[in-house]
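Spelled out, the chains give:
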Amino acid sequence: MSSLIAPHSFYISTSQESQDIDARTIQEFGIESFTLMEVAGYSAFRDLIQRLQPKSHGLFFCGKGNNAGDALVVARYLLQHGFDITAVFISGTDDLSEDTRKNFQLLKRIKEANSSIGSLTIISSWNEFDLHTEADFVIDGMLGTGLDSEVRGDYNKAITWSNKEELPVYAMDIPTGLHGDTGKVMGNAISADLTYSFGTLKQGLYLNDGPGKAGEVIYCELPFPNHLKDICSAYLLDDQYVLAEPDRSPRHKYEAGVLYVVAGSEGLTGAAMLAAQSAWAEGIGAVILVCPHGNLPIYEKALPQIIKKPIGERDDYFFKEEHTEEVIATISEKKGKVLIGPGLGRNDSTIGFVQQLLETNEGDMLLDADGLWCLAQLKEWNKPKASTWILTPHPGELSNLLGRSIEDDHDRLESVKTLSTEKNVNILSKGYPVILGTPEAKAYLTSYDTRKFSRAGFGDVLAGKIGAFWSRDNSAAKSSALALLKGKHILENLLKADSSRIVEPKDFI
Ligand SMILES: NC(=O)C1=CN([C@@H]2O[C@H](COP(=O)(O)OP(=O)(O)OC[C@H]3O[C@@H](n4cnc5c(N)ncnc54)[C@H](O)[C@@H]3O)[C@@H](O)[C@H]2O)[C@@H](O)CC1
Ligand SMILES: Nc1ncnc2c1ncn2[C@@H]1O[C@H](COP(=O)(O)OP(=O)(O)O)[C@@H](O)[C@H]1O
Ligand SMILES: [K+]
């Protein structure tokens, strides 16, 4: 088992999975849907009251489904705290869902019973809403996981109005118009400053348009029994559980981790250097750079700490098929992991070399950059049974491996899950978000802005770090996660010191 164990608060669900968990909690566990709605709305309220100006005026945009019910619960609590509430029922107040109708009644009753609390105004359709209404914030309770097509009717107008106003928008569960699974805007979507995701994190918040539309995401726990959430197979990557797993403490130099870096060719030695230096900086026992002999003089000068193993003849500047045996003998000398790929080049003979190595080497391998390119040239490929592989493709490389183009990040997520399971490999798919797929069909998604790393060399640094953590006997998934989060922390610190800083790969070594 190589997966990371995420706490239930980091579970990501599709809309169908959310609906199944809701339904089973109600039917099998006996917690009523009205109670779930109350908990959802109350937890959003608890957070919101800390953010809002006391007794300010909120516009509550409501649809007909349960998403509106969540908003109406929030409205009831805020009303009692002296806030002025305008509830706008975009498509009327007829045929509201049962719990939403109940909450609508409760909202009216609480106002009737208490004249001293905030004011309550009900607007029964979008047409009746005065577009010049002055308010301090918007609560989006129009559509949640029930969205099933492009946004229709007056919801469209309400979204456009809200996006033009400068008011802070707080979305219930998912911004209206955003698809819960794909994260795509369904014709039109509200731009939220903050989204309260109830019970599970909704997948669409992290894919495609999701991060741009959702703003900050706050998880609100619902009384779902944990075992019902286990139908989810995606998780948000977070320090809280990744760093909590114990690291193996080293004893001897060669037990403190050995990483072989099979990399570099003439003109591309920089990639090999970045990967080797990045691994060495993690404090492992040894980084052994396996290189074509002709490139040795460059590394001798630039990488004194790194052990070099020159391969072939003095005038070999790239790897060739005839190097395979020598390389296998070299990487078998000490127990360690192998990173292959940075700066290898795409010479025909190099492709043959990589393919032979991948077919015959039984050890654990991390394939990056040109290593992946060589792999993708094979019509059929499978890793040797005994070995564990980590592949780190950027979108182009993933597409080569799949033999087709990738439509969007939702397609990327599904493809990564399928490929990692079918091929029994770990895949770190680069992009925004980074998606880490494991052979157990689990996927871990990053939630920070990975676009800052889109410069030449960041992939080499990342590969070096994954290799370093992996060489210390961490699982493949944990090593990948540690390397990603290491980059995230360094980025945060650099930006804290200077928010306009342009970051470079060497800052991350
Ligand atoms: N027990 C539960 O089911 C819980 C549900 N919760 C909330 O309920 C939400 C899901 O509620 P529902 O399943 O009632 O669905 P929604 O409230 O998201 O929306 C359903 C309504 O929207 C309409 N609709 C769907 N697509 C549309 C489109 N493209 N244009 C215009 N109208 C459209 C449907 O006709 C239906 O009336 C969650 O997102 C969450 O906010 C929470 O209260 C927690 C508990
Ligand atoms: N710490 C990190 N966290 C998230 N993503 C990262 C991190 N480091 C690198 N990346 C990803 O790696 C990509 C760069 O890798 P790649 O495109 O292979 O570049 P290169 O091969 O030129 O070094 C970035 O766009 C980003 O998606
Ligand atoms: K919503």
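An unreviewed UniProt entry annotates the protein as Bifunctional NAD(P)H-hydrate repair enzyme originating from Halalkalibaculum roseum. What UniProt states about the protein under its Subunit (unreviewed entry) heading is, verbatim, "Homotetramer."

(A) Quick peek at the site of ligand 1. Taken together, 23 residues are adjacent to ligand 1, and Asp22, Asn67, Asp70, Gly144 and Asp173 come closest. Threonine 145 has a polar backbone atom sitting 3.0 Å from an oxygen atom of ligand 1. A distance of 2.9 Å is found between a nitrogen atom of ligand 1 and a backbone nitrogen or oxygen belonging to glutamate 150. Calculation on ligand 1 without its partners gives an accessible area of 870 Å², and the protein chains cover 82% of this total. Of all the secondary-structure elements, those providing two or more residues to the shell around ligand 1 are helix H1 (15-27), helix H2 (33-51) and helix H3 (66-80).

(B) Highlighting the coordination of the potassium ion (ligand 3). Around the potassium ion (ligand 3), the protein contributes the donor atoms Asn67 (OD1), Asp140 (O), Asp140 (OD), Leu143 (O), Met172 (O) and Ile174 (O), which lie 2.6 to 3.2 Å from the metal centre. Coordination at the potassium ion (ligand 3) comes from 6 donor atoms whose angles at the metal span 70 to 147°, giving a geometry best classed as irregular.

(C) The arrangement of the site of ligand 2 in detail. Among the 17 residues in the neighbourhood of ligand 2, the closest are listed as Lys430, Tyr448, Gly457, Gly459 and Leu484. A distance of 3.3 Å separates an oxygen atom of ligand 2 from a polar atom in the backbone of glycine 431. Within the backbone of phenylalanine 458, one N or O atom sits 3.2 Å away from an oxygen atom of ligand 2. When ligand 2 is considered free in solution it has 580 Å² of accessible area, and contact with the protein chains removes 86% of it.

What counts, and at which threshold
- Residues numbered from 1 in each chain as written.
- Chains lettered and ligands numbered in written order.
- Predicted model: local features only at pLDDT ≥ 70, side-chain atom pairs only at ≥ 80, totals over all residues.
- Heavy atoms only, no water.
- UniProt positions renumbered as here; feature names shortened; annotations may be inferred.
- Near = heavy atom within 4 Å.
- Polar contact = N/O pair within 3.5 Å; in protein donor to acceptor, adjacent residues only side chain to side chain.
- Areas by Shrake-Rupley, 256 points an atom, 1.4 Å probe, with all protein chains shown as cover.
- Helix = DSSP H or I, 4+ residues; strand = E, 2+ residues; numbered from the N terminus.
- Donors = N, O, S within 2.8 Å, 3.2 Å for Na, K, Ca; no water.
- Tetrahedral: all angles 85-135°; square planar, octahedral: opposite > 155°, others 65-115°.

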